[in-house]
Amino acid sequence: QPPPPPGQVIEAVFEDLDLKHKVFQAVEPLVKDTCVLATNTSAIPISKVAAGCAKPERVLGMHYFSPVPSMQLLEIIPHATTADEAMAAAFAVGIKQGKFCIEVADVPGFYVNRCLAPMMAEVGPLFQDGVTPKQLDDAILDLGMPVGPITLLDEVGADVGLHVQQTMSADDTMGVRMTGADPAMLEACVEKGWLGRKSGKGFFVYDGKKKTPHQDAIDFVEKTVKRRDAGLTTEEIQDRYLTRFVNEAAICLQEGILKTPVDGDLGAVFG
C-alpha cells in the first residue's frame, strides 16, 4: 500500500512576509509533520517564507497566475532545503488541478515574471521613440500575444507594475537587463490615480465591460514621455519588445533557473 498523501496547505494572503509567517505559524500545529506548506507569492523569496517555519523542508512556492481558473501555468519553487517529497506532492496537486507545472529556482520573479519585467521595461523606451500606446498594443497583438502590454498594464495595475519593476531593478543579479525601466512614468500614473481597471481609469477608461482610450494618458505619453519620432515599423516594435523576453528566457536556462528548454516553452506559452 502506498503511504497516504501528505496533505497540503496553500496560502494566498497579501504580499507581506510577516503576515505569511503568522499564517504558517498558526497552521503548523494543526497539521501533520508531513503536510506541505505552499506559498503563492510573486515577489517574496521562498527561503524567507520558510525561515519563519518550524519545518522549512516542507515549505515551497506555488506561483499561480491571474486569473487562476483560466491560466494554465503553475510555477513550483523549492528553496535550498525543500524535501523531494514536498515537491512531488506539489506537482501532484498542480496536475490534479489541471495545470502545466514547471520547477523554477528561488530567484526574484521566478521565471515568467523575471522575463516579463525586462520586456515591460521596453515600453518606456518605445514611448520615448514615438510609439503610441495603441500602436504598441496593436503591434504585439499582431505578433500573436493574447493581450498587448498596455492592456496588460491596466489589468495588472500601475501600482503593481511599479512594484515589480522596482523589485527587479533592485535585483543585483539582473545587471543591465532592466535597462529602460524608468519608474517616472509609472510613478506619475500611480500619483494621478491611473491604476487601470481597478480604479476605472488607466491607459483606458472603464465603464463596466466597455473600455475606451484615455485621452489624458495618451496626451501624457505624447507630451511628457516622448523624446523623438523614430518612425519605428511594426516589425521593429515587435522585435524590440519580444527579444527582451527571449534573451531573459535564455539566461534563465543558462543560469539553471529553468530545468529544461521545454519548461521554458511551457512557461512562456501557458503563463
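Since we're looking at a predicted model, the values are computed, not measured. (Residues numbered from 1 in each chain as written. Predicted model: local features only at pLDDT ≥ 70, side-chain atom pairs only at ≥ 80, totals over all residues. Heavy atoms only, no water.)

J.: Would you mind going over the overall build of the protein with me for this structure?
T.: The number of helices and strands found in the protein is twelve helices and seven strands. The globule rule puts the C-alpha radius of gyration for 271 residues at 18 Å, and the 20 Å found for the protein is close to it. Overall size of the protein, expressed as C-alpha extent along the three principal axes, is 65 × 35 × 35 Å. By the burial criterion, 44% of the 271 residues in the protein qualify as buried. Long-range pairs, those at least 24 residues apart, make up 67% of the contacts in the protein between residues at least 6 apart in sequence. Carbon and sulfur atoms make up 57% of the accessible area of the protein, which totals about 13,700 Å². (Helix = DSSP H or I, 4+ residues; strand = E, 2+ residues; numbered from the N terminus. Rg over C-alpha atoms; globule rule 2.2 N^0.38 Å. Buried < 20%, exposed > 50% of the residue type's maximum accessible area, 1.4 Å probe, protein only. Contact = heavy atoms within 4.5 Å. Areas by Shrake-Rupley, 256 points an atom, 1.4 Å probe, with all protein chains shown as cover.)

J.: For this particular structure, what's the right way to read the pattern of salt bridges?
T.: Side chains bearing opposite charge may pair, as long as their charged atoms lie close to each other. The tally for this structure, following the rule as stated, stands at 16 salt bridges. A salt bridge links Glu 11 to Lys 20, with the nearest nitrogen and oxygen atoms 2.8 Å apart. One exposure class covers both Glu 11 and Lys 20, and it is buried. With a shortest N-O distance of 3.3 Å, Arg 58 and Glu 28 are connected by a salt bridge. Residue Arg 58 is found in the loop between helix 2 (46-50) and strand 3 (59-64), and its partner Glu 28 is found in the loop between helix 1 (17-27) and strand 2 (36-39); the two are separated by 30 residues along the sequence. Note on Arg 58: relative accessible area 5%, which makes it buried. (Salt bridge = Lys/Arg side-chain N within 4 Å of Asp/Glu carboxyl O.)

J.: Hey, could you run me through empty space enclosed by the protein in this one?
T.: One water molecule sets the probe size; rolling that probe over the atoms shows where empty space is left. This model, assessed by the stated rule, comprises two cavities of 30 Å³ or more. Estimated volume of the largest cavity: approximately 80 Å³. No other element matches helix 8 (residues 158-169), which puts four residues into the lining of the largest cavity. The residue inventory of the lining of the largest cavity, partitioned by class, reads three nonpolar, five polar and no charged. Quantified by volume, the second largest cavity comes out at close to 40 Å³. Ser 42, Ala 43, Ile 44, Pro 45, Asp 106, Val 107, Pro 108, Gly 109 and Phe 110 together form the lining of the second largest cavity. (1 Å grid on protein atoms, 1.4 Å probe; cavity = no way out; pocket = protein on both sides within 12 Å on 5 of 7 lines; lining within 4 Å. Points joined across faces, edges and corners; volume = space filled by probe spheres on them. Nonpolar A, V, L, I, M, F, W, Y, C, P; charged D, E, K, R; others polar.)

J.: Sorry, what's going on with helix 1 here?
T.: Lys 20, His 21, Phe 24 and Val 27 are the residues of helix 1 that are buried. All buried residues of helix 1 project into a common sector of 130° when viewed along the axis, lining one side. Of the residues in helix 1, the exposed ones pointing more than 90 degrees away from the buried face are Asp 18 and Lys 22. Buried-residue contacts for helix 1 involve strand 1 (8-11), strand 2 and helix 2. The opening residue of helix 1 is Asp 16, an N-cap whose side-chain oxygen sits 3.1 Å from the backbone nitrogen of Asp 18. (Arc of directions from axis to C-beta. Polar contact = N/O pair within 3.5 Å; in protein donor to acceptor, adjacent residues only side chain to side chain.)

J.: Which parts of the structure should I look at to understand the packing of aromatic side chains?
T.: Working definition: an aromatic ring pair is given by the centre-to-centre distance plus the angle between the planes. Following the criterion strictly, the structure yields four aromatic pairs and no others. Measuring from ring centre to ring centre gives 4.1 Å for Phe 100 and Phe 270, while their planes differ by 15°; the resulting arrangement is stacked. Taken together, the positions of Phe 100 in strand 5 (residues 100-103) and Phe 270 in helix 12 (residues 261-270) put the pair 170 residues apart, joining distant regions of the chain. With relative accessibility at 23%, the residue Phe 270 sits in the partly exposed group. (Phe/Tyr/Trp six-rings, centres within 6.5 Å; stacked < 30°, edge-to-face > 60°.)

J.: Help me understand the sheet that holds strand 4 (residues 73-78), please; the structure alone is not making it clear to me.
T.: The strands that make up a sheet pair up through hydrogen bonds in the backbone, lying either parallel or antiparallel. Pairing in this open sheet of five strands is mixed, and the strands run 1-2-3-4-5 from one edge to the other. Edge positions in the sheet fall to strand 1 and strand 5, since each has one partner strand and no second. With strand direction ignored, the average angle separating the axes of adjacent strands in the sheet is 25°. Seen against the sheet, helix 12 touches strand 4 and strand 5 and runs at an angle of roughly 130° to strand 5. (Pairing = 2+ DSSP bridges. Axes fitted to C-alpha atoms, helices over the stretch in contact; angles between N-to-C directions.)

J.: Looking at this structure, I do not really get the nonpolar core. What am I missing?
T.: Generally speaking, nonpolar side chains in soluble globular proteins are found buried as a group. If you look at the biggest cluster of nonpolar residues, it comprises 43 residues, and the most contacted ones within it are Tyr 111, Val 123, Phe 127, Leu 136 and Phe 203. Looking at this core element by element, the count peaks at five residues for helix 11 (residues 234-254). If you look at the next biggest cluster of nonpolar residues, it comprises twelve residues, including Ala 38, Met 62, Ala 90 and Cys 101. (Core = buried A, V, L, I, M, F, W, Y, C linked by side-chain atoms within 4.5 Å.)

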